[in-house]
Structures are given as structure tokens and as C-alpha cells.
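Letter by letter, the chains look like this.
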Amino acid sequence: MKRAASLILGVFLSSHAGATAPAGTRPARAQATAAQAAKPEAPPPVMPPATPPGATPPAPGPGELDTTTTLPPPSSAAQQLYSSAQADLLQIRMLLKNGRTQSTVGSGFLVGTSNLVLTNYHVVSQMALDPEVYAGEYVDTNGEHGPVELLAVDVLHDLAVLRVNRNGTGFFIVPEKPVKLIQGQDLYSLGNPLDLGFAISEGAYNGVVSRSFYDQLIFSGPINSGMSGGPSVTSSGTVAGINVSKRRDGEAVSFLVPVKYAQELLRRVARQRAAPRDFNPLIAEQLLAHQRAMVGRLLDSPLSIKNMGPYRVPVRESGQVRCWGRSNAMAEASFSSDTLNCAMESAIYVSDTQQTGQVAMSHQYLRSMGLHPLRFAALASSQFGLDRLGRARDVRLTGPLCSERFVRSNNLPLRAVTCVRAYRKFPGLYNFTLLTASTDDRQASLQSRLDVSGVSYDNGMRVTRAFLNALGRSGKL
């Protein structure tokens, strides 16, 4: 593609209609209480995250609009392809049932000659989570519209299958076998950008994202909000991927869900007798499967240990987790502070107000530069952040249930606080936050934090114990 002005990390490409506030799901009925968040009779020794990990900014929801990007004029090849494909392109709209007001818009496409439509899960998430509040409809390139029926979702790979009251012409081919692409191969993404009208964008395949938990293809071409769920095809019309997101801090760096995941979802639809009446248990099941894989990968080997002054701190550096550090050493301050942060660079989208299935850990090493011990103690206490846990009301989660203890790990005495929050819509899923502060020195403090979101209670405890047991002291000041 020629160019695209993109500005924000990992933007989903469906659009919210008009409103600047996110069109979140309505408050859920409580399915778990704060007391249910802690399974054992006694509170766990140490605990969890009230919100998705804060070491990295959460990826924006589908409501982001990027009005700075315009698509360059298409080539003759793109014009011919669009002319052949346009009859099978659809815009997918989520409507508030009360008043039939448009809430979000995305794209989709008819599969072969069937009445099945592929799109992104995040395009139809409102209907999946709150079908009593939201309904869906399609609009084709001729302006004809009709209802959509949700048949299946794949939350982990951000895909959904719909059924509509019309059939495709057979242009979009979803092959039975894997699609083999060559670096630099031309691809064409189609959809309805910014709710302005249907369009085609030219680009190229440039490999697989290395830091994503699940495979995503790199599409070097501009795709805009509203194109989520549209197809990205080869010149022959073979579907290579489904538009899903883009980087807004780079030029024409976009991402596709590989067609292999769509192939599996279509096979699942072919096997099922009827569409689920309630998708929330199915979504919970998929999130539980993700957390098993995530925790298994996180703990398949001991956490790496790094030194921060006299302290030893655990980190995990891998293909999915990235670490970075900073210091105020050059600033004029009455104390010295070094920080180390590690976080997964991807998360599972559940709704425009909730992402989950993520791990983050951070460490801060504070030292006094001549402060009185009482003043340093006040500084260290203000940095601990316990008072900020669960301050913001979140209707998706129960309130935090916390326990505090003084423990010793590898000769290091610690104040340790663990907090757990249960998911209201998805029983069996929890957010864990562990906060620790060393208590061995009046003029130095190691403060560590672990956030694990969207895990089972047992796996949350496994991760917090592993993190806590790895903290220690390596020597004297």
C-alpha cells in the first residue's frame, strides 16, 4: 500500500456510531459475590488484579475512529477484484433494540454460495453478551438490509459466524486446506471504512506477528475502523485472512486473523445442530481454555531472576512477554527509583470495556538520598498503591477481596497483599493482584506487583505463589 497515517497501538477496526463514550454492555446481574471470589475457608496467603494489568496501556476498543487516514486510489487490478467481490460484501451493524439505534458497525462477507457470513467477534460482541439489549443487521453494497443470526464465536481468535437471509455468489473462497503465502505477496482487504461506504485496500503479506499469543498476519496496507471482519484476499479471491486491527504508531501496519482459524470455526458450525441460546457460558469456556494455556506457558520453566540492588526479582521474558526498565537517576530528587516492568503484549477482547487473559509484573527499587526514615517510610507507603485497588466501580467484576500478611521469602521479609475479584458473567474466572513491599531496611524498599487477569482460582494461586517464592535478597546494602 502507498501509505496510511496510523496512530495508536492495536486498534480494532469496527466503529462506534457517533458517541464518544464506549458502548459497553449493560450492567450484568451478579453471578458471583465477593465472598465467592475466595474459595477456601481461610483467605489465601497472598493475592490478585482488580483491573486488567496496568503495566501496559490496554488496547483501544472498537470505538476508535481515525479520520486522518485516506485510502489511495485503487489500481486496475483492485478495481476488477472489487467489481467481482462487491455483491458478497456486507456491513454488519449492532443496533440497540430499544429504538433500533445504531451502536457499532463493522464488516463481513458471505462464504462461497452459502448464507453464512464471517466477521470478527468484536464486531458482534454486544449481541453475543447481551442479546436482550442488542440485535444485529447487515447492509449490502446495494443498500439492501436484513437481520443476522449469531451461530458461533471464537473469542480467542476474534471470529464469529452469522447466518443471513441471502446467499453468496461464490466469489469469496474459504479453502479446506491451509493457505500458503509468500513474503511480499499482494493482498486486498475489503470492508466499509469509517461507515463511509465500501472500499478496497491494496497491500502485501509480510509474515506472522511474533509477540502475539495466537498467530496474526501482518498486512502492510491501510485498513480503517469499520473494516473489521472484512476479508483480505489474494488476487484470485482466496481468503487469506480477516481484517482485525492495526497499529496507529506506524505507517500502514495492519493485522489479519489467519484463515485457518476461520476454517475451524466453519467446521464447528457444520457440526452443531443449533445455535447456542446463551453465548456467555461458551465464552467463559473459551477464556478458561486460554488461561490454562497461558499459565502453562508462563510456568513451564522457572521465572528468570534479575538483580535490583541487593534484591532478586522474578521476571518472564518470552515471545509473548516483553520487559523494559527506567530510572530517575538523572533527575534531581530526594530519592532514587529504578523500575522494571514486564507484560504480555496481547490480551483477549471480551467487550469494548473489558479485555482479559493477560499477565503483567513490575518491580520498583526505592532508595533514600538523605531523607529522614519517617519521610522515606511515608514515601514508600504512598508508592505501594494499596488504597487504589478496586477504587473504581466495575460492574463486570465483584469488589476486591484482599488478605494481608507479613511473610518471608528467601531471607527477605515482606508485607504481602493479595486481592481477588470474580467475573460476574463468567463463573470460574478471576483477576488476581499481588502487592509486596520489603521490610528489611528503613531507607530502601523493593515494591513488586503481579497482575493476572482472567484465570481460574487455582491457576491464579499458582502464579502468585511462584512469583512470591522467587522474590529474595542477594546481599547486603
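Before reading further, recall that the structure is shown in the block above.
Residues numbered from 1 in each chain as written. Predicted model: local features only at pLDDT ≥ 70, side-chain atom pairs only at ≥ 80, totals over all residues. Heavy atoms only, no water.

### Some details on the overall build of the protein chain
Then, number 1: Within the protein chain, the secondary structure is distributed over 6 helices and 27 strands.
Then, number 2: Within the protein chain, buried positions represent 56% of all 477 residues.
Then, number 3: Considering only contacts within the protein chain whose residues lie at least 6 apart along the sequence, 70% involve residues at least 24 apart.
Then, number 4: Carbon together with sulfur atoms contributes 51% to the accessible area of the protein chain, which is approximately 20400 Å² in total. (Helix = DSSP H or I, 4+ residues; strand = E, 2+ residues; numbered from the N terminus. Buried < 20%, exposed > 50% of the residue type's maximum accessible area, 1.4 Å probe, protein only. Contact = heavy atoms within 4.5 Å. Areas by Shrake-Rupley, 256 points an atom, 1.4 Å probe, with all protein chains shown as cover.)

### Regarding the state of the cysteines
Then, number 1: Under the definition given, this model contains 2 disulfides.
Then, number 2: Across a sulfur-sulfur distance of 1.9 Å, Cys 323 and Cys 342 are joined as a disulfide pair. Handedness here is read from the sign of the S-S torsion; for Cys 323 and Cys 342, about 110°, the answer is right-handed. Taken together, the residues span a long stretch of sequence, with Cys 323 in strand 18 (residues 321-327) and Cys 342 in strand 19 (residues 335-344) at a distance of 19 residues. (Disulfide = S-S within 2.5 Å.)

### Details of the pattern of salt bridges
Then, number 1: A complete count under the given rule lists 14 salt bridges for this structure.
Then, number 2: Between Glu 345 and Arg 322 there is a salt bridge; the shortest N-O distance is 3.4 Å. Of this pair, Glu 345 sits in the loop between strand 19 and strand 20 (348-351) while Arg 322 sits in strand 18, and the two are 23 residues apart along the sequence.
Then, number 3: The class for Arg 322 is partly exposed, based on a relative accessible area of 40%. (Salt bridge = Lys/Arg side-chain N within 4 Å of Asp/Glu carboxyl O.)

### Notes on the environment of Arg 322
Then, number 1: Note: C-alpha distance between Arg 322 and Met 344 (22 residues apart in sequence) is 6.4 Å.
Then, number 2: Ignoring anything within four residues of it in the chain, the contact list for Arg 322 reads Arg 211, Asn 341, Cys 342, Ala 343 and Glu 345.

### Quick look at the packing of aromatic side chains
Then, number 1: Under the defined criterion, the tally for this structure stands at 7 aromatic pairs.
Then, number 2: Between Tyr 311 and Tyr 365 the ring centres are 5.6 Å apart and the planes differ by 80°, which places this aromatic pair in the edge-to-face class. Here Tyr 311 is found in strand 17 (residues 311-315), whereas its partner Tyr 365 is found in strand 22 (residues 358-368), with 54 residues between them in sequence.
Then, number 3: Taking relative accessible area as the criterion, Tyr 365 reaches 7% and is therefore assigned buried.
Then, number 4: Clustering of aromatic rings is evident, with ring pairs tying together Phe 109, Phe 171 and Phe 172.
Then, number 5: Here Arg 297 stacks its cationic end above the ring of Phe 213, 4.1 Å away from the centre of that ring. (Phe/Tyr/Trp six-rings, centres within 6.5 Å; stacked < 30°, edge-to-face > 60°. Lys NZ or Arg CZ within 6 Å of the ring centre and 35° of its normal.)

### What about the side chain of Asn 192?
Then, number 1: Relative to the helices and strands, Asn 192 resides in the loop between strand 10 (186-191) and strand 11 (199-208).
Then, number 2: When its relative accessible area of 5% is taken as the criterion, Asn 192 is described as buried.
Then, number 3: In this structure the side chain of Asn 192 is engaged in a polar contact, spanning 2.9 Å, whose partner is the backbone nitrogen of Gly 197.
Then, number 4: If near-sequence neighbours (up to four positions away) are discounted, Asn 192 is found in contact with Gln 91, Ser 107, Gly 197, Phe 198, Ser 225, Gly 226 and Met 227. (Polar contact = N/O pair within 3.5 Å; in protein donor to acceptor, adjacent residues only side chain to side chain.)

### Focus on the sheet that holds strand 18
Then, number 1: Pairing is antiparallel in the open sheet, where 7 strands are placed in the order 18-19-22-26-25-24-23. Of all the strands in the sheet, the pair left with one neighbour each is strand 18 and strand 23 (401-409). Averaged over all neighbouring strand pairs, the angle between strand axes comes to 15°, with direction disregarded.
Then, number 2: Sheet analysis places strand 25 (residues 430-438) next to strand 26 (residues 444-455), joined by 8 bridges and oriented antiparallel. Within strand 26, the residue paired with Thr 436 across the bridge is Ser 448. (Pairing = 2+ DSSP bridges. Axes fitted to C-alpha atoms, helices over the stretch in contact; angles between N-to-C directions.)

### Here we look at unusual backbone geometry
Then, number 1: Residue Asn 410 is not a glycine yet carries a positive backbone phi of 50°.
Then, number 2: Within the secondary structure, Asn 410 is located in the loop between strand 23 and strand 24 (412-422).
Then, number 3: The phi angle at Asn 411 is positive, at roughly 65°, despite the residue not being glycine.
Then, number 4: With respect to the element layout, Asn 411 can be found in the loop between strand 23 and strand 24.

### Re the sheet that holds strand 16 (residues 304-308)
Then, number 1: Pairing is antiparallel across the open sheet formed by 3 strands, whose spatial order is 16-17-27. For this open sheet the edge positions go to strand 16 and strand 27 (472-473), each flanked by a neighbour on one side alone.
Then, number 2: Bridge count between strand 16 and strand 17: 5 bridges; the pairing is antiparallel. Counted as the bridge partner of Ile 305 is Pro 314 from strand 17.

### As for helix 4 (residues 280-298)
Then, number 1: Compared with the 27 Å implied by 1.5 Å per residue over 19 residues, the 26 Å span of helix 4 between its first and last C-alpha is a close match.
Then, number 2: For helix 4, the set of buried residues is Asn 280, Ile 283, Ala 284, Gln 286, Leu 287, His 290, Gln 291, Met 294, Val 295 and Leu 298. Seen along its axis, helix 4 keeps its buried residues to an arc of 165°; they face one direction. The exposed residues of helix 4 that point more than 90 degrees off its buried face are Glu 285 and Arg 292. (Expected span 1.5 Å × (residues − 1). Arc of directions from axis to C-beta.)

### Re the packing of helix 4 against helix 6 (residues 457-470)
Packed helix pairs are specified by the crossing angle of their axes together with the interaxial distance, meaning the distance between the axes.
Then, number 1: For the pair helix 4 and helix 6, the least separation of the axes is 11 Å and the interaxial angle reads 20°. Classified by the angle their axes make, helix 4 and helix 6 are roughly parallel. Two packed elements cross with a definite hand, and for helix 4 against helix 6 that hand is left-handed. Taking contact as the criterion, the partners of Gln 291, Arg 292, Val 295 and Leu 298 in helix 4 are, on helix 6, Asn 459, Arg 462 and Val 463. (Parallel < 35°, antiparallel > 145°, perpendicular 65-115°, else oblique. Left-handed = near helix turned anticlockwise from the far one by under 90°.)

### Notes on the pairing of strand 20
Then, number 1: One ladder, built from 3 bridges, connects strand 20 with strand 21 (residues 354-356); its direction is antiparallel. Counterpart to Tyr 349 in the pairing with strand 21 is Gln 355.

### Notes on the pairing of strand 8 (residues 149-154)
Then, number 1: When you tally the buried positions in strand 8, you get 5 out of 6 residues, the bulk of the element.
Then, number 2: In sequence, strand 8 turns back onto strand 9 (residues 159-163) through a hairpin of 4 residues, with Asp 158 there showing a positive phi of about 60°.

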